[in-house]
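So the chains spell out like this:
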Amino acid sequence: MSKMLTISVAPILLLAAFGIGRWTAPDSAAPITNSGFSLAPSLTGKTCNLASLPPVVVKTPAPFEGKTVDELNKRFADNKNRIPSAATQDEQQHLLEALAAIDPQAAMAQAQQLKGDRQAQAVSAVLAAWGEKDPDAAWNWVGSTRPDNIYQYDQLLEVFGRNNPETAARYAISLAGTRPDLTQEVYLSALMGITHAGGYDTARQLVESANISTEDRTTLMNYVAGAWASYEPQAAMQWVMAQPGELQSSALVGLGESWSNVDPQAAANFASKLNGPQRQLLLQQSISKWLMDDPSAATNWLASAENHQDYDQAVHSVATLPNMVRDQTQTALAWSERIYDSNLRVSTVQQILAEMKVKDPAGATSYARSAPNLTAAQRTQLLNSLGDGS
């Protein structure tokens, strides 16, 4: 069974694949103290538009905040004597979260007494708090009590990444060294935490310096490029374009997907200047997103772009816009004639004519008979789709 991720998958799919299934980690994936790995902390500072910020959410103070360990343990004992219910279980969770903040080991002992999903939820919450408070102790606990639970290693690596990137890198390197089949998974866990906290330079250094295969490095670069481009696309682009060959090609996928989400026009301008096989994909990504945000601007931009096969998918997107097909059928057909790939062009025309047939069946048939750059078989295909194979 393999958990390797394909390099062409954009970050969202990477995360989806990453969440499916877990391997086991051996007893040897245990406590470490020094890997020799060192990265200078470099969390990137941010500026933002206040108008774009979400509403402030005021957190309600935890009901047991400020209580001592003895007081919390007494409440646990009292809780066990109450009638079991959702309310008592909710109180247990609040108690554990409060206890984990001051004595995570005691909280873990209490969490393990719970059953089923409640135990899993409680252990996860305590482990996250423990990993933030005392990373080495939390990691050693998993290594000594649950060495086969790779999910908990992953969770800790992400927690470490959010709070101390160097610790995340150190433990990722160690675990990947003892379990090379988990390399992508453990590095992704660390990188998810590091990039969540804005440590893009640290993430970049980790991926570049890690002793991993080219396949693993391309996948991880794809992820980092996508995570970085969601917030600093220009900086991410400069990093990606400095990479050689296959590494650049892979990272461009993540870069283009995320950049298209935040600024499709800038992403399209960047894609238009590329050379190579990724150009068409990035043009498709950016223009598809731009059409959703501002169809008029995207269409005008594409109308002035060069006629080239790399724009085929983007042109197809414009030609098949619902309002274009419905209200400007002749314009839609004119767009379709710019498509170089004959199969894509025929399928695009067929989609447009299917709508045209409802309002003007004779016009649809006439166009199918006279459409340019079609083989005899393709013309027959169009006519048959209109119910006129004569």
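1. Focus: unusual backbone geometry
Phase 1: Residues other than glycine seldom take positive phi values, yet Asn373 does so here, at roughly 60°.
Phase 2: Mapping Asn373 onto the fold places it in the loop between α21 (361-370) and α22 (376-385).
Phase 3: Assessed through its relative accessible area of 58%, Asn373 is described here as exposed.

2. Brief notes about the confidence of the model for the protein
Where the model shows low pLDDT, its predicted coordinates should not be examined in detail.
Phase 1: On average, residues of the protein carry a pLDDT of 84, and 83% of them reach 70 or more.
Phase 2: Across the protein, the secondary-structure element scoring lowest on mean pLDDT is helix α1 (residues 11-18), at 45, and the one scoring highest is helix α12 (residues 233-241), at 97.
Phase 3: When the criterion is pLDDT under 50, residues 1-61 qualifies, and its contacts beyond four places in sequence or with other chains add up to 116 contacts.

3. Some thoughts on the pattern of salt bridges
Phase 1: Within this structure, the stated rule accounts for twelve salt bridges.
Phase 2: What you see here is one network of salt bridges that share partners, running through Arg75, Arg82 and Glu91.

4. Things to note about the side chain of Thr365
Phase 1: The topology assignment puts Thr365 in helix α21.
Phase 2: On the basis of relative accessibility, which here comes to 14%, the residue Thr365 falls in the buried class.
Phase 3: Apart from the residues within four sequence positions on either side, Thr365 is in contact with Leu383, Leu386 and Asp388.

5. A word on the packing of aromatic side chains
Phase 1: Overall, the coordinates contain ten aromatic pairs when judged by the stated rule.
Phase 2: When the centroid spacing of 4.7 Å and the interplanar angle of 55° are considered together, the rings of Trp139 and Tyr153 count as tilted. Here Tyr153 lies in helix α7 (residues 150-163) and Trp139 lies in helix α6 (residues 135-145), a separation of 14 residues in the sequence.
Phase 3: Overall, the relative accessible area of 1% leaves Trp139 in the buried class.
Phase 4: Feature note: the residues Trp139, Tyr153, Phe160 and Tyr171 constitute an aromatic cluster, connected by ring pairs.

6. Some thoughts on helix α8 (residues 165-178)
Phase 1: In this model α8 runs 20 Å from its N-terminal to its C-terminal C-alpha over 14 residues, within 8% of the 20 Å that 1.5 Å per residue would give.
Phase 2: In terms of burial, α8 is largely enclosed, as ten of its 14 residues are buried.
Phase 3: The secondary structure elements touched by the buried residues of α8 are α6, α7, α9 (183-196) and α10 (200-209).

7. Description of helix α5 (residues 116-133)
Phase 1: Its 18 residues give α5 an end-to-end C-alpha distance of 26 Å, which sits within 8% of 26 Å, the value for a rise of 1.5 Å per residue.
Phase 2: On its buried face, α5 is in contact with α3 (86-102), α4 (104-111), α6 and α7.

8. Observations concerning the packing of helix α13 (residues 245-262) against helix α15 (residues 278-293)
Phase 1: It is at 8 Å that the axes of α13 and α15 come closest, and there the two elements cross at 10°. Relative to α15, α13 is oriented roughly parallel. Considering only the axes of α13 and α15, their crossing is right-handed. Contact with α13, carried on its side by Ser249, Leu252, Val253, Gly256, Glu257, Ser260 and Asn261, involves Gln278, Leu281, Leu282, Gln285, Ser286 and Lys289 of α15 and no other residues of that element.
Phase 2: Looking at the contact of α13 with α15, its residues break down into four nonpolar, seven polar and two charged.

The rules behind each value
- Throughout this document, residue positions are counted from 1 along each chain, in the order its sequence is written.
- Local features in this predicted model are restricted to residues of pLDDT 70 or higher, and side-chain atom pairs are both shown and tallied only at a pLDDT of 80 or more, whereas totals for entire chains, interfaces and linings draw on every residue.
- The basis for every side-chain value is the complete set of heavy atoms in the structure, and neither hydrogens nor water enter the calculation.
- Going along the chain from the N terminus, every DSSP run of H or I of four or more residues is numbered as a helix, and every run of E of two or more is numbered as a strand.
- Partly exposed residues are those whose accessible area sits between 20% and 50% of the maximum for their type, while under 20% is buried and over 50% is exposed, using a 1.4 Å probe and protein chains only.
- pLDDT: the predictor's confidence for each residue, scored from 0 to 100.
- We call two residues in contact when some of their heavy atoms are within 4.5 Å.
- Take a side-chain nitrogen of Lys or Arg and a carboxyl oxygen of Asp or Glu: if they are within 4 Å of each other, that pair is a salt bridge.
- Think of it this way: a Phe, Tyr or Trp ring, Trp meaning its six-membered ring, pairs with another when their centres are within 6.5 Å, and the plane angle makes it stacked under 30 degrees, edge-to-face over 60, tilted otherwise.
- Multiplying 1.5 Å by the helix residue count minus one yields the expected span of that helix.
- Lines fitted to C-alpha atoms define the axes, with helix axes restricted to the stretch in contact, and inter-axis angles between N-to-C directions lie between 0 and 180 degrees.
- Roughly parallel here means an angle under 35 degrees, roughly antiparallel means over 145, roughly perpendicular means 65 to 115, and every remaining angle is called oblique.
- With the far helix as reference, a near helix turned anticlockwise by less than a right angle produces a left-handed crossing, and one turned clockwise produces a right-handed crossing.
- Side-chain classes are defined by residue name, with Ala, Val, Leu, Ile, Met, Phe, Trp, Tyr, Cys and Pro counting as nonpolar, Asp, Glu, Lys and Arg as charged, and the others, Gly among them, as polar.

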